[in-house]
Amino acid sequence: MSTTTIEKQVTGTSTDFLPLQGTDYVEFYVGNAKQAAHFYKTAFGFQSLAYAGPETGVKDRVSYVIRQNKLTFMLTTPLRTDNPIADHIYKHGDGVKVLALKVEDATDAWQQTTSRGGKSYMEPSTLKDENGEVVISGIHTYGETVHLFIERKNYNGVFMPGFKKWESNYNPAGTGLLYVDHCVGNVGWNQMNPWVKFYEEVMGFRNILSFDDNDISTEYSALMSKVMSNGNGYVKFPINEPAEGKKKSQVEEYLDFYNGEGVQHVAIATADIIETVTELQKRGIDFLKIPASYYADVLGRVGKIDEDLAPLQELGILIDKDDEGYLLQIFSKPLEDRPTLFFEIIQRKGAKSFGKGNFKALFEALEREQDARGNL
Ligand code: FE2
């Protein structure tokens, strides 16, 4: 196996030209934001937070903001056809448009990144209301995806100017989802390294792990991946590209159906994956099925773990370890009818890696789904 951990000096905050405080929110462009918000509240246990639309002076779109612990999603839909959001949905289906990053200074973040070759999406812009001000700027990344830089240190309202508090009498219980652990992008053939370079040069990230097609291949299909992390490790973006195999790679299937590059999965942290996944399954979320044979030898591979194996096997939760500990993870089926975006639920117990020991079982499970869709 040729996995390489790249040892580089950790960038100290004093030299980190783009200090990030974490993921601020993830915005999805969807065909029907009202129904999508209901789905995420019902199935995943988010709470209503904020709303923007004609009633708040926004004429061309409606956005619902929902939150669970430190995980914030925005669901946005266009109100008319002649709108770039409508074009985005026509082309890609429902998907992630914005990975918004929390910063101390959004003007500086824009200057630092655009001066290093980042393509501007939004010049620094200050939004004000009676609760203070939020400064937003942004740059383009892979496909039609963008990074917004959000500076909210001088704001104490519910979300940001333009939004009002969304009061709802429907408040389903949470499912223990905590925050974004990492967000994975799928890019085209031979595009992984250019995007790695983008995150290194434009955003000051470093490549902390690499997987080649010897690591990530099954009998039929393959992919390559590099994990990019910002200086303090709060923001991690693995980048995948397809690799040659006997049949079509899962990344190619994504690129076909998303009609270009985009976010493949959002990994969400939990402190109790058995409880979280039990609840999500009860609420109708489908996960990839893992064969019993995986569990026959998993403890031999990872060693002793705190959890009983039986509930992990029953739920289909995967286990992997690295030098620092172990992790538990599971992958949902796609969240929309196109085989594009899915979620990972992850509980880290020391491990900082991404489940390399599970790749084979995972990709074989993915291929069974791909085959059932006739796309393998
Ligand atoms: Fe992941």
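Small disclaimer: the values here were computed from a predicted structure and weren't measured. (Residues numbered from 1 in each chain as written. Predicted model: local features only at pLDDT ≥ 70, side-chain atom pairs only at ≥ 80, totals over all residues. Heavy atoms only, no water.)

## Some words on the overall build of the chain
And then number 1: Looking only at helices and strands, the chain features nine helices and 17 strands.
And then number 2: In terms of overall size, the chain behaves like a compact globule, its C-alpha atoms giving a radius of gyration of 20 Å where 376 residues would be expected to give roughly 21 Å.
And then number 3: Seen through its C-alpha atoms, the chain measures out along the principal axes to roughly 60 × 45 × 40 Å.
And then number 4: Among the 376 residues that make up the chain, the fraction classed as buried is 54%.
And then number 5: Here the analysis covers contacts within the chain between residues at least 6 apart in sequence; of these, 68% occur between residues at least 24 apart.
And then number 6: Per element, the accessible surface of the chain, about 16300 Å² overall, is 48% carbon and sulfur.
And then number 7: Of the side chains in the chain, 40 bear a positive and 52 a negative charge, and the two mean positions are spaced by 2 Å. (Helix = DSSP H or I, 4+ residues; strand = E, 2+ residues; numbered from the N terminus. Rg over C-alpha atoms; globule rule 2.2 N^0.38 Å. Buried < 20%, exposed > 50% of the residue type's maximum accessible area, 1.4 Å probe, protein only. Contact = heavy atoms within 4.5 Å. Areas by Shrake-Rupley, 256 points an atom, 1.4 Å probe, with all protein chains shown as cover. Lys, Arg positive; Asp, Glu negative; His and termini not counted. Charge placed at Lys NZ, Arg CZ, Asp CG, Glu CD.)

## Some remarks on the pairing of strand β15 (residues 318–322)
And then number 1: As defined by bridge partners, β15 adjoins strand β16 (residues 325–331) across five bridges and the pair is classed as antiparallel. Directly across from Lys 321, in β16, lies its bridge partner Tyr 326.
And then number 2: Between the antiparallel neighbours β15 and β16 lie two residues. (Pairing = 2+ DSSP bridges.)

## Side note on the nonpolar core
And then number 1: Formed by 94 residues in total, the largest nonpolar core has its most connected members in Phe 28, Tyr 40, Phe 44, Phe 73, Met 203, Ile 319 and Phe 343.
And then number 2: Taken domain by domain, the makeup of this core includes at least three residues from each of domain 1 (13–165) and domain 2 (177–373).
And then number 3: Those residues within four positions of Phe 343 in sequence are excluded, and the remaining contacts are Phe 28, Tyr 40, Phe 44, Phe 73, Val 266, Ile 268, Ile 330, Phe 331, Ser 332 and Leu 335. (Core = buried A, V, L, I, M, F, W, Y, C linked by side-chain atoms within 4.5 Å. Domains from an automatic or database assignment.)

## What about the environment of Phe 39?
And then number 1: As for its position among the elements, Phe 39 is in helix α1 (residues 33–44).
And then number 2: The class of Phe 39 is partly exposed, set by a relative accessible area of 33%.
And then number 3: In the structure, Phe 39 is positioned 178 residues away from Ser 217 in sequence and 34 Å away in space, judged by C-alpha atoms.
And then number 4: Excluding its chain neighbours within four sequence positions, the residues that come into contact with Phe 39 are Phe 44, Ile 285 and Leu 335.

## Remarks on the environment of Gly 355
And then number 1: Locating Gly 355 in the fold gives a position in the loop between β17 (342–349) and α9 (359–372).
And then number 2: For Gly 355, a relative accessible area of 0% gives the class buried.

## A look at the coordination of the iron ion
And then number 1: Around the iron ion, the protein contributes the donor atoms His 182 (NE2), His 265 (NE2) and Glu 344 (OE), at 2.0 to 2.2 Å from the metal centre.
And then number 2: Read in sequence order, the donor residues coordinating the iron ion give the pattern H-x82-H-x78-E. On the criterion of sequence distance, the pair formed by His 265 in strand β14 (residues 262–270) and Glu 344 in strand β17 is long-range, its members being 79 residues apart.
And then number 3: The class for Glu 344 is buried, based on a relative accessible area of 2%. (Donors = N, O, S within 2.8 Å, 3.2 Å for Na, K, Ca; no water.)

## Some points on unusual backbone geometry
And then number 1: Of note, the phi angle at Asn 190 is positive, near 65°, even though the residue is not glycine.
And then number 2: Turning to its location among the elements, Asn 190 is positioned in the loop between β10 (177–186) and α4 (192–201).
And then number 3: Of note, the phi angle at Asn 259 is positive, near 65°, even though the residue is not glycine.
And then number 4: With respect to the helices and strands, Asn 259 occurs in the loop between α5 (250–258) and β14.
And then number 5: Asn 259 gets classed as partly exposed once you look at its relative accessible area, which sits at 43%.

## Section: α5
And then number 1: Of the positions making up α5, those classed as buried are Gln 250, Val 251, Glu 253, Tyr 254, Leu 255 and Tyr 258.
And then number 2: A side-chain oxygen of the first residue of α5 lies 3.0 Å from the backbone nitrogen of Val 251; this N-cap is Ser 249. (Polar contact = N/O pair within 3.5 Å; in protein donor to acceptor, adjacent residues only side chain to side chain.)

## Details of the sheet that holds β15
And then number 1: Pairing in this open sheet of eight strands is mixed, and the strands run β11-β12-β13-β10-β14-β17-β16-β15 from one edge to the other. Each edge of the open sheet carries a strand with a single partner, namely β11 (206–211) and β15. Between one strand axis and the next, the sheet turns through 25° on average, direction left out of account.
And then number 2: Helix α6 (residues 273–282) contacts β10, β14, β16 and β17 of the sheet and is inclined by roughly 160° relative to β17. (Axes fitted to C-alpha atoms, helices over the stretch in contact; angles between N-to-C directions.)

## Let's talk about the domain arrangement of the chain
And then number 1: As assigned here, the chain comprises domain 1 (13–165) and domain 2 (177–373).
And then number 2: On a C-alpha basis, the centres of domain 1 and domain 2 stand 24 Å from each other.
And then number 3: Residue-level contacts link 47 residues of domain 1 with 39 residues of domain 2.
And then number 4: Buried surface at the junction of domain 1 and domain 2, both sides included, amounts to about 3300 Å², of which 66% is carbon and sulfur.
And then number 5: Three residues stand out in domain 1 for area buried against domain 2, namely Phe 44, His 92 and Tyr 142, and they jointly supply 21% of the buried area on that side.
And then number 6: On the surface where domain 1 and domain 2 come into contact, there are zero salt bridges. (Buried area = accessible area lost by both parts, 1.4 Å probe. Salt bridge = Lys/Arg side-chain N within 4 Å of Asp/Glu carboxyl O.)

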